[in-house]
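Structure assessment
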Amino acid sequence: MSLVPTVNDLSFYSDEKRHLARYQTLSKSFARRYGSEPQFFARAPGRVNLIGEHIDYCHFPVLPMAIEVDVVAAVAECAGTTINISNTDETFAEEHIQIPQDGSTVSIDLSTALWGNYFKCGLIVAHKFIRESNPQHKLKAFNALFDGTVPTGGGLSSSAAFCIAATLACLKVNGVNEISKSDLTRITVVCEHYVGLSNGGMDQSASVNGEDSKVLLISFKPKLEATPFKLPATQPETVFLISNSLIVANKTETAPTNYNLRVVEVAIAADIIAKKFSLKAAHDSNLGTATLRGVLDSYSTQILGQTVWDGKNPEVGVERLQTMLDLIEIIYTEEEKNGISTKQAADLLGLSISDFTKKYLSKFEVRYNTLNVYRRSKHVYGDALRVMQTLRIANDFDGDSEKFLRNLGSLMDESQVSTRENNNASTPDCDELCRLGRQNGAYGSRVTGAGFGGCIVHLTDVDKLTALREALVEQYYRKNFPNLSDNEIDEAIVISKPAIGACIYEQK
Ligand code: ATP
Ligand code: GLA
Ligand code: MG
C-alpha cells in the first residue's frame, strides 16, 4: 500500500530555490494574517491529459500525468468553531466556515458560486472518511491560506488540485497523519459532485498518483488504478508543450449545457445499446445507469461469448472498441445520427417521457435542443480506441523516434477532430492554437481536459520547441491579447514534465 508522502524538503520541484521562496512568502503572509506560523503545507498538483477525453466517466482508461503547477495550503489548527480560508489570489475573498456543532457535515449552498464551496467538497469527503473509523469525530477549527499556480478554468484541473489540497489539510488537522494514495483517490474522486459536476475520476487519480518522469495509465474497471510508466525515450527528446487559450471555461457554471450534458448523453447512449441487444449491464455510471464501457463488456461476453477484457490489454481493447464503433453505425438511422429529441430517446428506451426524465434528467440539471447520442458514442469509443493505440505504439517502440512521434501526433490530432466534431468540446480559439501548433513543429495538438476553452497540449521535440513557442507567441498571444506582459505569456506557455503527486510538506 503506497502512502501519500510527507516530505521535509522541496527538492521534488525542478526549481527548488524558487519554491523555497514561494513557501517562505506564504508562511509570512499566513503569520501576518493569523498570528501564528503554519504547522504544515498540503499540496496537490494539476494534470495534463495526453489522450482520452470525456471517457473516464464511461470507465475507459485515460493517459494523463501530474504536472508541476499545484495548489498549496499553509495550515494551522486554531481555537474556536470556524474554519477560515484565505487565498493569495485576491479574486478569492476570505471565507469563514462554521463547523456544525452537532457533528453533522457542512452543507453547500449551490445558489452562489463561491470558491469556499470547492473547499467544502474537500471538507465533506475528509469528514466522511474520518467517520468511517470514528463516527463520533468532531471537526477541528483551523486557518488555511491557499496559493495556486494551476490556471483556474484552464483545463489543467485546478479544481482537483484545490479539492485534494483542501481534503489533505482537513485530514491532517483532524489527526489523520497517514492515508494511502488509493484511499485519497477514492474519497476525492467524488468531491466535485457536491458542487454539481458529474465528473469522472481522471483528475484526482492523476493528482494523487503522479510520479516523476512517468505518465499514468488510469483504469476504472475492474478497479480504479493508476499505473505509472515511462514513454519511450526518443531522440531528440519528446516534449509536451501546453498553451493556454486564455478562454476560461468554468465547468460548474456551464455544466447543464456542456459537461453534465455529455455525461447524460453517454448514459442514454449506453442504455440504448443495452436495450437494442437485451444486454445485462452494471448500473454504475454517475447517474446509476449503464456506461459505454459496461455495454462493451456485456456485448462481448453475452453476445459474442468472449471473456471479459481487463481494460489494459491494448490488442483486445482495439478489437472490441472497433466492434462497438461498427455497431453504432448500424443501430442508429441517418436521421437519429444528427441528434434525437426527448420523445425519440424515451421511445428508443421504451420509457414514458416522465420515467425518462426521472431517470436521466433529474440528478443534474441539463439543457439541450437535441440529444447527440450517436456522435457522443462515436467520440467515446473512438477516443478510448486511440488510448489503446497509444499504448500499443509505446509498447512497440523500436527506436525509430520520428515514427513514434508522428504516430502519436496523428492520434492526438484525430482526438482533436473528434473533440471538435463529435463531442463539440473545442472552441474556435482552441482550434486556432491546434492549427498553429501543427503548422509550426507540433506532431499533434489537442485540447486537454474538459475543453470548452482552456489549454492545448502539443506534442513536439526539444529541437522544434523554440520555433513552436515563438510562433504561438507571435501568431496567437500577441495578435489576440496585445496587452499581455512577457511574464503573462510565460505563464500561458509551459513545458509539462511528469511530476510527483499530492503530498504534505513539513519544515524540518
Ligand atoms: P478542468 O476541469 O477542465 O481541468 P479546471 O479544473 O481548472 O479545469 P474548473 O473545474 O472549472 O476548472 O474549476 C475551477 C474552480 O476551482 C475555480 O472557479 C475555483 O472555484 C476552484 N479553484 C481552483 N483553483 C483554485 C485556487 N487556487 N484557489 C481557490 N479556488 C480554486
Ligand atoms: C474534467 C473532468 C474529468 C474528465 C475531463 C475530460 O477534467 O473533471 O473527470 O472527464 O474533464 O476528459
Ligand atoms: Mg476541473
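Residues numbered from 1 in each chain as written. Chains lettered and ligands numbered in written order. Predicted model: local features only at pLDDT ≥ 70, side-chain atom pairs only at ≥ 80, totals over all residues. Heavy atoms only, no water.

What follows concerns the nonpolar core. F60, F119, F146, L292, V295 and Y381 are the most contacted members of the largest nonpolar core, which totals 133 residues. Once residues within four sequence positions are removed from consideration, F146 is found in contact with V71, V72, A73, I85, S86, N87, T88, W115, F119, F162, A165 and A166. In terms of nonpolar packing, the next biggest core, distinct from the first, is built from 19 residues, V239, C434, Y476 and I489 among them. (Core = buried A, V, L, I, M, F, W, Y, C linked by side-chain atoms within 4.5 Å. Buried < 20%, exposed > 50% of the residue type's maximum accessible area, 1.4 Å probe, protein only. Contact = heavy atoms within 4.5 Å.)

As summarised here, the arrangement of the 7 strands in space is β1-β13-β2-β3-β6-β4-β5, forming an open sheet in which the pairing is mixed. Edge strands, defined here as strands with exactly one partner in the open sheet, are β1 (6-7) and β5 (95-98). Where strand β3 (residues 63-77) lies against strand β6 (residues 142-148), 7 bridges are found, and the strand directions are antiparallel. Each bridged residue has a counterpart across the sheet, and for V72 the counterpart in β6 is D147. Against the sheet, helix α2 (residues 115-133) engages β4 (82-87), β5 and β6, with an angle of about 130° to β4. (Pairing = 2+ DSSP bridges. Helix = DSSP H or I, 4+ residues; strand = E, 2+ residues; numbered from the N terminus. Axes fitted to C-alpha atoms, helices over the stretch in contact; angles between N-to-C directions.)

Ligand 1 sits among 20 residues. The nearest are N87, S157, S158, S159 and K251. Separating an oxygen atom of ligand 1 from a backbone N or O atom of G153 is a distance of 2.9 Å. Within the complex, the protein chains bury 94% of what would otherwise be the 640 Å² of accessible surface of ligand 1. Looking at the shell around ligand 1, the elements that each hand over two or more residues are α2 and α3 (158-173). In terms of residue count, α3 provides more of the shell around ligand 1 than any other element does, 3 residues in total. The class makeup of the residues in the shell around ligand 1 is 8 nonpolar, 10 polar and 2 charged. (Near = heavy atom within 4 Å. Polar contact = N/O pair within 3.5 Å; in protein donor to acceptor, adjacent residues only side chain to side chain. Areas by Shrake-Rupley, 256 points an atom, 1.4 Å probe, with all protein chains shown as cover. Nonpolar A, V, L, I, M, F, W, Y, C, P; charged D, E, K, R; others polar.)

Moving on, we get to the UniProt feature "domain: GHMP kinase N-terminal" (unreviewed entry) in the protein. UniProt records the feature "domain: GHMP kinase N-terminal" (unreviewed entry) at residues 118-210, using the numbering of this structure. The distance separating the terminal C-alpha atoms of residues 118-210 is 22 Å; by composition the span is 52% helix and 8% strand. (UniProt positions renumbered as here; feature names shortened; annotations may be inferred.)

A few words now on the packing of aromatic side chains. Applying the stated criterion to the full structure yields 20 aromatic pairs. Summarising the aromatic geometry, the rings of F119 and F142 are spaced 6.2 Å apart at their centres and angled 55° between planes, so their arrangement reads as tilted. Of this pair, F119 sits in helix α2 while F142 sits in strand β6, and the two are 23 residues apart along the sequence. One exposure class covers both F119 and F142, and it is buried. (Phe/Tyr/Trp six-rings, centres within 6.5 Å; stacked < 30°, edge-to-face > 60°.)

For the rest of this paragraph, the subject is the site of ligand 2. In the vicinity of ligand 2, the contacting residues are R47, E53, H54, D56, Y57, N199, G200, M202, D203, Y259, G449 and A450. Take E53: an N or O atom from its side chain is 2.7 Å from an oxygen atom of ligand 2. Here an oxygen atom of ligand 2 and a backbone polar atom of G200 are 3.0 Å apart. Notes on ligand 2: free accessible area 300 Å², of which the protein chains cover 97%.

Another point: unusual backbone geometry. Here the amide bond leading from K221 into P222 is cis, since omega sits at 0°, within 30 degrees of zero. In this fold, P222 is placed in the loop between β7 (215-219) and β8 (225-229). A cis amide bond links Q235 with the next residue in sequence, P236, at an omega value of -5°. Along the chain, the position of P236 falls in the loop between β8 and β9 (238-244). Phi angles above zero are rare outside glycine, and S213 is one such case at about 65°. Mapped onto the elements, S213 comes out in the loop between α5 (202-209) and β7. For N424, which is not glycine, the phi dihedral falls at a positive 45°. Exposure remark for N424: the relative accessible area of 33% places this residue in the partly exposed category.

Okay, the sheet that holds strand β12 (residues 493-496) next. One open sheet holds the 4 strands; their spatial order is β10-β11-β9-β12, and the pairing between them is antiparallel. Pairing within the sheet leaves two strands with one partner each, and these edge strands are β10 (444-447) and β12. On average, each strand axis in the sheet is inclined to that of its neighbour by 25°, with strand direction left out of account. Bridging between β10 and strand β11 (residues 455-461) involves 4 bridges; their strand directions are antiparallel. Its bridge partner lying in β11, V447 is registered against I456. Seen against the sheet, helix α12 (residues 401-421) touches β9, β10 and β11 and runs at an angle of roughly 30° to β10. Against the sheet, helix α14 (residues 465-480) makes contact with β9, β11 and β12, and its axis sits at roughly 10° relative to β9, the strand it touches most.

Turning our attention to the environment of A21. As for its position among the elements, A21 is in helix α1 (residues 16-34). Linking A21 and K403, residues 382 residues apart in sequence, is a C-alpha distance of 43 Å.

Under the UniProt annotation, "domain: GHMP kinase C-terminal" (unreviewed entry) lies at residues 405-477. The span residues 405-477 is 58% helix and 15% strand, and its two end C-alpha atoms sit 26 Å from each other.

For helix α9 (residues 342-349), every residue scored as buried is listed here: A345, A346, L348 and L349. An end-on view of α9 places all buried positions within 160° of arc, on one side of the element. If you follow the buried residues of α9, they end up packed against α6 (259-276) and α10 (353-360). One or two positions beyond α9, positive phi appears at G350, with a value near 70°. (Arc of directions from axis to C-beta.)

The topology assignment puts T390 in helix α11 (residues 373-395). Given the relative accessible area of 5%, T390 is considered buried. In this structure T390 touches I51, L63, L408 and L411, once residues within four positions along its chain are discounted.

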